[in-house]
Amino acid sequence: MGDTWNNEYTGEINSKNTWKLKNISDTVVLNAESTLSMIIEDEFTNLLLKGKQNIVVIADKETGFINEMTVNAEASNAVDLNHTENNPTKVTSITTYKIK
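Residues numbered from 1 in each chain as written. Predicted model: local features only at pLDDT ≥ 70, side-chain atom pairs only at ≥ 80, totals over all residues. Heavy atoms only, no water.

Participant: Hey, could you run me through the overall build of the protein chain in this one?
Facilitator: Along the backbone of the protein chain there are zero helices and six strands. When the elements of the protein chain are put in sequence order from the N terminus, they spell out β-β-β-β-β-β. Against the compact-globule benchmark of 13 Å for 100 residues, the protein chain has a radius of gyration of 16 Å, which places it well outside the compact range. Taken over 100 residues, the protein chain has a buried fraction of 30%. Here the analysis covers contacts within the protein chain between residues at least 6 apart in sequence; of these, 37% occur between residues at least 24 apart. (Helix = DSSP H or I, 4+ residues; strand = E, 2+ residues; numbered from the N terminus. Rg over C-alpha atoms; globule rule 2.2 N^0.38 Å. Buried < 20%, exposed > 50% of the residue type's maximum accessible area, 1.4 Å probe, protein only. Contact = heavy atoms within 4.5 Å.)

Okay, structure coming up:
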């Protein structure tokens, strides 16, 4: 418990994650603190958003299969890459995945 490691995800949302092993019992509990960036594009704008997210994963100890995962993310301080003005935008999301 307490071990940490880093990984990086690139795609529509880019994140740099620092994972920490929080607990081992019948389940394994992991937590990740992440920095993220994303570009939101449409016909009117091209916004760069940056922020942070927190991920909690609860997985089966025997199989490693994820039973539940919650991602709390917030990104803001948008810069419009097509223009020089700021476009104040904030995206906040809480997503929970559960196996029934």
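Picking up after the structure, the text goes on.
Participant: Honestly, a nonpolar patch on the surface in this entry has me stumped. Any pointers?
Facilitator: On the surface, I39, V79 and L81 cluster together into a nonpolar patch covering about 240 Å² of accessible area. For V79, the location among the structural elements is in strand β5 (residues 66-80). Residue classification places V79 among the partly exposed residues on the basis of a relative accessible area of 37%. (Patch = residues over 30% accessible without salt bridge, like charges linked within 9 Å, V, L, I, M, F, W, Y side chains within 5 Å. Areas by Shrake-Rupley, 256 points an atom, 1.4 Å probe, with all protein chains shown as cover. Salt bridge = Lys/Arg side-chain N within 4 Å of Asp/Glu carboxyl O.)

Participant: How do you make sense of the side chain of N17 when you look at a structure like this?
Facilitator: You can see N17 is positioned in strand β2 (residues 13-24). For N17, the side chain forms a polar contact with the side chain of S34, separated by 2.5 Å. Ignoring sequence-local partners within four residues, the contact set of N17 consists of W5, N6, N7, E8, Y9, E33, S34 and Q53. (Polar contact = N/O pair within 3.5 Å; in protein donor to acceptor, adjacent residues only side chain to side chain.)

Participant: Whenever I open this one, the nonpolar core confuses me. Can you help?
Facilitator: When a protein is soluble and globular, its nonpolar side chains tend to lie buried together. In terms of nonpolar packing, the biggest core is built from eight residues, these being W19, L21, V28, L30, A32, I55, V57 and V71. Sorting the residues of this core by element identifies β2, β3 (27-41) and β4 (46-60) as the ones contributing at least two each. Considering every element that reaches this core, the biggest residue donor is β3, with three residues. In contact with L30, other than residues within four places in its own chain, are W5, W19, K20, L21, K22, I55, V56 and V57. (Core = buried A, V, L, I, M, F, W, Y, C linked by side-chain atoms within 4.5 Å.)

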